[in-house]
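Each chain is listed here by its residues.
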Amino acid sequence: MELTRLIAVRHGETAWNVDTRIQGQLDIALNDTGLWQARRVGEALADEPIAAIYASDLARAWQTALEIARPLGIEVQAEPGLRERAFGHFEGRTFADIDASLPDQARLWRTRDPQFAPEGGESLLTFRERVTGIAGELAQRHPGELVVLVAHGGVMDVLYRAATGQELQAPRTWHLGNAAINRLLWTPQGFTLVGWGDTGHLDQGSLDEATA
């Protein structure tokens, strides 16, 4: 079977990224910086032979995907399986608030306990299964082609770990920048990393936040 090339893009910046407030599956739109970043990604990928664009149906990813699709004349396809990890009662809270009001849960979250799930949310194990499952399913539809997946920081993290063999609890040493371009290959054997964290199309730094 032919391999599938993947470009995985995290959405542009939101006001909640700036506030270090957990978005999870709450539907937060891009801020002005995020819209600019999304347009820049679209310009950077305009000459790529992209066969399809799939995006999380949350506004911040969807808006980013529309800017990628615009110069290509491709219709974005919504895929709820690409949504960010559900953080339950963490959603809407800042990091500092969680640390102060829920210290025991904050410790489990920050140490990346694979089985810990905030009330009403997903564990890392469940989240990984969802993301790798849907990403593999989408890639399998396009053998020999190039596909764009537009999603969230947590989704990018799962894909990086899947492509490099990193455990769920391994400390993160890679960037998950807003609007960064990340390249992977998919075969029936799994994912392989090609390039990560390309922000050459951006002329300013972007927040590196894994829970958007």
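Reading the values: rules and limits
Residues numbered from 1 in each chain as written. Predicted model: local features only at pLDDT ≥ 70, side-chain atom pairs only at ≥ 80, totals over all residues. Heavy atoms only, no water. Pairing = 2+ DSSP bridges. Helix = DSSP H or I, 4+ residues; strand = E, 2+ residues; numbered from the N terminus. Axes fitted to C-alpha atoms, helices over the stretch in contact; angles between N-to-C directions. Contact = heavy atoms within 4.5 Å. pLDDT = per-residue confidence, 0-100.

## Section: the sheet that holds strand 6 (residues 190-198)
Argument step 1. A sheet is described by the order of its strands in space; here 6 strands give the open sequence 3-2-4-1-5-6, paired in mixed fashion. Two strands bound the open sheet, and with one partner strand each, they are strand 3 (76-78) and strand 6. Taking each pair of neighbouring strands and ignoring which way they run, the sheet shows an average axis angle of 25°.
Argument step 2. In terms of strand pairing, strand 2 (residues 50-55) meets strand 3 through 3 bridges, oriented parallel. Residue pairing in the sheet places Ala 55 in a bridge with Ala 78 of strand 3.
Argument step 3. Against the sheet, helix 7 (residues 153-164) touches strand 1 (4-10), strand 4 (146-151), strand 5 (181-187) and strand 6, its axis set at about 125° to strand 6.

## What to know about the confidence of the model for the protein chain
Argument step 1. The pLDDT averaged across the protein chain works out to 94; a share of 95% of its residues lies at or above 70.
Argument step 2. Every residue in residues 205-212 scores below 50 in pLDDT, and together they form 41 contacts with partners more than four places removed in sequence or on other chains.

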